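Chain by chain, the residues run as shown.
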Amino acid sequence: GQNDLQQFKLLSENKDTLGQRILLENWEKRSLNDPELYVAYFNYFVEKSRSEVLVIGQDLKQNAYMVLEIENQDSSKQDRVEYMYRQVSFQEFYTQKAIEWIDKGIDRFPNRLDMRFGKIYFLGLLENYEAFTEQIIQTVDYSAINQNQWLWSENCVLEQPKEMMLGSIQDYQNDLYATSQDTLLYNMQKIAEAVLKVYPDHIESLSNIGAVYFLLGQYEKALTPLLTAYQLNPKDLVVINNIAEIYNELGLNIKAEAYYRLMMKYGDKQDKKYAKAKIKQLK
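What counts, and at which threshold
- Residues numbered from 1 in each chain as written.
- Predicted model: local features only at pLDDT ≥ 70, side-chain atom pairs only at ≥ 80, totals over all residues.
- Heavy atoms only, no water.
- Buried < 20%, exposed > 50% of the residue type's maximum accessible area, 1.4 Å probe, protein only.
- Helix = DSSP H or I, 4+ residues; strand = E, 2+ residues; numbered from the N terminus.
- 1 Å grid on protein atoms, 1.4 Å probe; cavity = no way out; pocket = protein on both sides within 12 Å on 5 of 7 lines; lining within 4 Å.
- Points joined across faces, edges and corners; volume = space filled by probe spheres on them.
- Nonpolar A, V, L, I, M, F, W, Y, C, P; charged D, E, K, R; others polar.
- Expected span 1.5 Å × (residues − 1).
- Contact = heavy atoms within 4.5 Å.
- Axes fitted to C-alpha atoms, helices over the stretch in contact; angles between N-to-C directions.
- Parallel < 35°, antiparallel > 145°, perpendicular 65-115°, else oblique.
- Left-handed = near helix turned anticlockwise from the far one by under 90°.
- Phe/Tyr/Trp six-rings, centres within 6.5 Å; stacked < 30°, edge-to-face > 60°.
- Lys NZ or Arg CZ within 6 Å of the ring centre and 35° of its normal.
- Core = buried A, V, L, I, M, F, W, Y, C linked by side-chain atoms within 4.5 Å.

Asker: How should I be thinking about unusual backbone geometry in this particular structure?
Answerer: In terms of backbone geometry, most residues other than glycine have negative phi values and most peptide bonds are trans. One non-glycine residue, Lys15, lies in positive phi territory at about 55°. Looking at Lys15, the relative accessible area reads 68%, which means it is exposed. Of note, the phi angle at Glu154 is positive, near 60°, even though the residue is not glycine. Considering the arrangement of structural elements, one finds Glu154 in the loop between strand 4 (151-152) and strand 5 (156-157).

Encoded structure:
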């Protein structure tokens, strides 16, 4: 009595790739109108594309690694420290197959938000940040067309779909920022501008644009979206702090102090301690 999706999940858990392939081919013949077929094909090719090896090196960006202390044969020299970690790579042929299938799914079932987010997540793993950014913008643009009538896996109707979509996009913005690549600040700006075109009162996107301009040293430009965000929510501590920092950089100490005092008013113990120290510096 198992349906195709249940069988696929079971085969995936058992890492039975041959069984998965046979099931997918039969499933494809029976029902091209089943959205889960496209998700299953996508997941199948994503897993096929992925390869993992243990390497020894100095790339400490990896999440987990083992420290190896290598004894130096020359007693006059210190022992060498190396790191062993898993390195993941993706085969281009299978990544393209995965993208082709999820694109077919998005084209046929444009309201399936899980398909769009699955593709965005995979593009992030591939570090293809241009396509990653473009897919996010396409999702935002389409939300204006479907009025956020999003569906999830197995056509489940989402609760608070708009908030869920925008919250996830903010997480993707954080992912871009976490790369510490200055060139990706412009990607963050493009995404924020796309969001604000549809949702002009989205505080996080106003704050993101302000933060990008701040990091680029364009302090005057940074103030405009941040002051707008402050008007929308005068108690948003991220916005208040960013405004204070900009006024501080501009040498406008009286204005900077006013916003640091707002941090002391609305913030927690740590915020108050930080703001108090900044005011002391200003004095």
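Asker: Looking at this structure, how should I read the environment of Ser168?
Answerer: As for its position among the elements, Ser168 is in helix 7 (residues 161-178). Take Ser168: its relative accessible area is 15%, and that puts it in the buried class. C-alpha of Ser168 to C-alpha of Lys278: the two residues are 110 residues apart in sequence and 33 Å apart in space.

Asker: I would appreciate a short explanation of the layout of surface pockets in the present structure.
Answerer: Its boundaries defined by the atoms lining it, the second largest pocket holds a volume of some 440 Å³. For the lining of the second largest pocket, the secondary-structure elements that each account for two or more residues are helix 7, helix 8 (185-198), helix 9 (203-215) and helix 11 (237-249). Counting residues per element, the lining of the second largest pocket draws most heavily on helix 9, which supplies nine residues. Class assignment for the residues of the lining of the second largest pocket results in 12 nonpolar, six polar and three charged.

Asker: What is the right way to look at helix 12 (residues 253-266) in this model?
Answerer: Three- or four-residue spacings in an α-helix give side chains the same orientation, since the helix completes a turn every 3.6 residues. Between the first and last C-alpha of helix 12 there are 20 Å, a value that for 14 residues agrees with the 20 Å anticipated at 1.5 Å per step. Those residues of helix 12 that fall on the buried side of the exposure criterion are Ala256, Glu257, Tyr259, Tyr260, Leu262 and Met263. In this structure, the buried side of helix 12 is in contact with helix 10 (219-232), helix 11 and helix 13 (269-282).

Asker: What is the right way to look at the packing of helix 11 against helix 12 in this model?
Answerer: Two quantities define a packed helix pair, namely the angle between the axes and the distance from one axis to the other. For the pair helix 11 and helix 12, interaxial distance at closest approach is 8 Å and the crossing angle is 155°. Between helix 11 and helix 12, the angle is such that the two are roughly antiparallel. In this structure, helix 11 crosses over helix 12, and the sense of that crossing is left-handed. On helix 12, the residues touching Leu237, Ile240, Asn241, Ile243, Ala244, Glu245, Tyr247 and Asn248 of helix 11 are Lys255, Ala256, Tyr259, Tyr260, Leu262, Met263 and Tyr266. Considered class by class, the residues forming the contact of helix 11 with helix 12 number 11 nonpolar, two polar and two charged.

Asker: What am I meant to see in the packing of aromatic side chains here?
Answerer: Applying the stated criterion to the full structure yields 17 aromatic pairs. Measuring from centroid to centroid gives 5.6 Å for Phe117 and Tyr172, while their planes differ by 80°, and the two rings are edge-to-face. Here the residue Phe117 occupies a position in helix 5 (residues 113-125), and Tyr172 occupies one in helix 7, the gap between them amounting to 55 residues. Take Phe117 and Tyr172: they sit in the same class, and that class is buried. One Lys or Arg, Lys104, reaches over the ring of Trp101 and ends 4.3 Å from the middle of that ring. The residue whose ring lies beneath Arg116 is Tyr142, and the NZ or CZ to ring-centre distance is 4.8 Å.

Asker: Please clarify how the nonpolar core should be interpreted in this entry.
Answerer: The nonpolar side chains of a soluble globular protein tend to be buried with one another. Ranked by internal contacts, the top residues of the largest apolar core, which has 48 residues, are Leu24, Trp27, Phe132, Met165 and Ile169. At the level of secondary structure, the elements contributing two or more residues to this core comprise helix 1 (4-13), helix 2 (17-30), helix 3 (35-49), helix 4 (92-108), helix 5, helix 6 (129-146), helix 7 and helix 8. Residue contacts for Met165: discarding those within four places in its chain leaves Leu113, Phe117, Thr139, Ser143, Asn148, Trp150 and Tyr199. Counting 24 residues, the second largest nonpolar core, distinct from the first, contains Ala192, Ala222, Val239 and Ala256.

Asker: What is the right way to look at the environment of Tyr121 in this model?
Answerer: With respect to the helices and strands, Tyr121 occurs in helix 5. Distance in space between the C-alpha atoms of Tyr121 and Phe132 is 7.9 Å, their sequence separation being 11 residues.

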